[in-house]
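# Coordinate analysis (summary)
Each chain is listed here by its residues.
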Amino acid sequence: MNDDPGPLIDLQLATERNAELPGVEALSRWVAATLAEHARVSGQPTIAAPAAPELTIRLVDDDESQALNRDYRGKDRPTNVLSFPFEAPPGIDLPLLGDLVISHPTMRREARQQHKPLADHYAHLVIHGTLHLLGYDHIDEAEAEIMEALERAVLDGFGIPDPYALADDERDSEDTRPDA
């Protein structure tokens, strides 16, 4: 029997299109698989036992995404996912990873443009955002390759095709990497 309770997800719904949104169970599976792959690759658990890692996932509309993207990244447009890692003050040890903010309308548009199921796109962006919360980035090419390899491994475990393997003519933009 596995005593691991898995990650604790605080799901916040701030979008009107709720029928297509992933539930806490799916979000927890994607985050748990990401944490497991990170632990496997790094050789270290994300959070020291017995605490379960915690994160907030807020599903929003484009207006909120655009405001946050403008205020925190200087880009005045909505984006698919924003990651806000938790930085504990010195001497404070909490199992908090941080917050992910995902724009549902942007996700729907991108999934349609990329000809993939919405659930697969959500899985990818939750995995991508969780990796950002763990400190991974794609600023330079070497970091991007490490992060994308982790994403591919986790997605493969769910039977989801490589999101970076789209043919050039199927891409909506020059860069298929999420913004987070």
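Scroll up a little and you will see the structure.
If you're wondering where the values come from, they're calculated on a predicted model, not measured in any experiment.

### A few points about the packing of helix α4 (residues 118–133) against helix α5 (residues 141–157)
It is the contact of α4 with α5, at a shortest axis distance of 10 Å, that shows an interaxial angle of 135°. One finds that α4 runs oblique with respect to α5. At the point where α4 passes α5, the crossing takes the right-handed sense. For the pair α4 and α5, contact is made by Ala123, His124, Ile127, His128, Leu131 and His132 and by Met147, Leu150, Glu151, Val154 and Leu155, respectively.

### As for α4
Its 16 residues place the ends of α4 22 Å apart at the C-alpha level, agreeing with the 22 Å of an ideal helix rising 1.5 Å per residue. Across the 16 residues of α4, 15 count as buried, placing the element largely inside the fold.

### With respect to the sheet that holds strand β2 (residues 54–60)
Ordered by their spatial adjacency, 4 strands build an open sheet running β1-β2-β4-β3, and the pairing between neighbours is mixed. The two strands at the open ends of the sheet, each matched to only one other strand, are β1 (8–14) and β3 (81–85). Neighbour-to-neighbour, the strand axes of this sheet turn through a mean angle of 15°, independent of strand direction. Where β2 meets strand β4 (residues 96–103), 7 bridges bridge the pair, whose relative direction is parallel. Across the sheet, the residue bridging to Leu55 is Gly98, located in β4. Seen against the sheet, helix α2 (residues 62–73) touches β1, β2, β3 and β4 and runs at an angle of roughly 50° to β3. Running at roughly 65° to β4, helix α3 (residues 104–113) makes contact with β2 and β4 of the sheet.

So, how was this worked out
- Residues numbered from 1 in each chain as written.
- Predicted model: local features only at pLDDT ≥ 70, side-chain atom pairs only at ≥ 80, totals over all residues.
- Heavy atoms only, no water.
- Axes fitted to C-alpha atoms, helices over the stretch in contact; angles between N-to-C directions.
- Helix = DSSP H or I, 4+ residues; strand = E, 2+ residues; numbered from the N terminus.
- Parallel < 35°, antiparallel > 145°, perpendicular 65-115°, else oblique.
- Left-handed = near helix turned anticlockwise from the far one by under 90°.
- Contact = heavy atoms within 4.5 Å.
- Expected span 1.5 Å × (residues − 1).
- Buried < 20%, exposed > 50% of the residue type's maximum accessible area, 1.4 Å probe, protein only.
- Pairing = 2+ DSSP bridges.

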